[in-house]
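# A closer look at the structure
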Amino acid sequence: MDNRLNVTYITFDGHVEVHIYRYLYFVIMFTVYMLIISSNFTIVSIIVIHKSLHEPMYIFIAALLINSVLFSTANYPKLLIDFLSEKQIISYSACLFQWFSYYSLVGSEFFLLSVMAYDRYVSICNPLQYSTIMRKTTVNMFLIVSWILPACEIAVPILLSAKKEICKFNLKGILCNSTVLKLHCVSSRLLHIYGMVFFASAILLPVLFILFTYTRILVISYRCKGVRTKAAQTCLPHLLVLINFSCFIAYDILIPRLEVDFPKIVHLIMTLQVITYHSLFNPIIYGLKMKGIYEHLKRLFCKRV
């Protein structure tokens, strides 16, 4: 607590020997961050430039990749600053904002994946009505809801936490997420219940909807030989992204609540994977597995060679 400025500072206690390997950490994570930005924006630029890709499926992919960049930007700059700082600290207000950004964008990721699953379902299972259902206004509505709804949901615990008194000033982690709740002087049953409600509505329900949708697609594609290839080409990348992201987020949300005492190095590695893996590999998965994007990527790199 800085009494002169009346600012409360939180110390991150999740770094491992950062005073020894600070420059190595910085170089690695800065390189990863640049790769995330360049790879995601390369795919987004291809989708924006080429009118043949101005279809709902590719628009949702572009939105998902933009969301990945926003998610990384909410975490990486602070991490890079901490690696080069003598003390890894953050003001409590900035911590709450990072917490808000973190889970708001996580929720948006799952909502966008749900919308993409619905888009594939309509395209494969009801192709004659696809253009009628997936109109421009519908696509825009899905995009707006995907970003606004999770933000409104996570704003509630953030505002409640801002009013609560904190007695602990060391956070067991390298960024602000649900572990912020452990800083409070008195544990709030309401916040814990709301956290589980958010987990169910913003993560669990979208995952169940996606699995149900793809199950229906697989059943129909199995019956109709003509749509098997199309289903495999468009659904496999989405499933890979969903499985990858779901596992890491489930760890991120549930492990702190279960109070499992993992070694600090395990927490560090898992947290870095949460903020790195999907943001870095999403553009690779969609770039290689989506035929429309892959063809334009191949032309782009062939011209440069």
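Description of the structure in this document.

This part is about the sheet that holds strand β2 (residues 89-91). Spatially, three strands are ordered β2-β1-β3 in an open sheet, and the strand pairing comes out mixed. Bordering the open sheet on either side are β2 and β3 (170-171), each of which pairs with just one other strand. Here strand β1 (residues 9-12) pairs with β3 via two bridges, running parallel. Looking at the pairing, F12 lines up with L171 of β3. Across the sheet, helix α4 (residues 92-125) touches β1, β2 and β3, and the angle it forms with β2 is around 90°.

This part covers the nonpolar core. Among the nonpolar cores identified, the biggest contains 84 residues, and I61 and Y286 are the most heavily contacted of them. Sort the elements by how many residues they give to this core and α4 lands first, with 17 residues.

Inspection of the secondary structure assignment puts S188 in the loop between β3 and α7 (189-223). A relative accessible area of 16% places S188 in the buried class. Here L191 takes part through its backbone nitrogen, which lies 3.2 Å from a polar atom of the side chain of S188.

Here we come to unusual backbone geometry. A positive phi angle, near 50°, is found at E17, a position not held by glycine. Along the chain, the position of E17 falls in the loop between β1 and α1 (18-49).

With that settled, consider the packing of helix α2 (residues 56-73) against helix α6 (residues 136-162). For the pair α2 and α6, the least separation of the axes is 11 Å and the interaxial angle reads 20°. Taken as axis vectors, α2 and α6 run roughly parallel relative to one another. Handedness of the α2/α6 crossing: right-handed. Only V139, F142, L143 and W147 of α6 make contact with α2, whose side of the interface consists of P56, I59, F60, A63 and N67.

Cut-offs and rules
Note that residues are indexed from 1 along each chain, following the sequence as it is written. Totals for whole chains, interfaces and linings use all residues, but because this is a predicted model, local features are given only for residues with pLDDT of at least 70 and pairs of side-chain atoms are given and counted only at 80 or more. With hydrogens and water set aside, each side-chain value is computed from the structure's full complement of heavy atoms. When DSSP finds two or more bridges between two strands, those strands count as paired. Helix and strand labels come from DSSP, where a helix needs a run of H or I of at least four residues and a strand needs a run of E of at least two; each type is numbered from the N terminus. In this analysis, two residues are considered to be in contact whenever any of their non-hydrogen atoms come within 4.5 Å of each other. Lines fitted to C-alpha atoms define the axes here, with helix axes fitted over just the stretch in contact, and angles between the N-to-C directions of these axes take values from 0 to 180 degrees. Among buried residues, those of type Ala, Val, Leu, Ile, Met, Phe, Trp, Tyr and Cys that are joined through side-chain atoms within 4.5 Å constitute a nonpolar core. Residue exposure (1.4 Å probe, protein chains only): buried if accessible area is under 20% of the type maximum, exposed if over 50%, otherwise partly exposed. Pairs of N or O atoms within 3.5 Å make up the polar contacts considered here, provided that, within protein, one atom can donate a hydrogen while the other can accept it, and that residues adjacent in sequence are counted only when both atoms are side-chain atoms. Between 65 and 115 degrees an angle is taken as roughly perpendicular, under 35 as roughly parallel, over 145 as roughly antiparallel, and anywhere else as oblique. A crossing counts as left-handed when the near helix is turned anticlockwise from the far one by less than a right angle, and as right-handed when that turn is clockwise.

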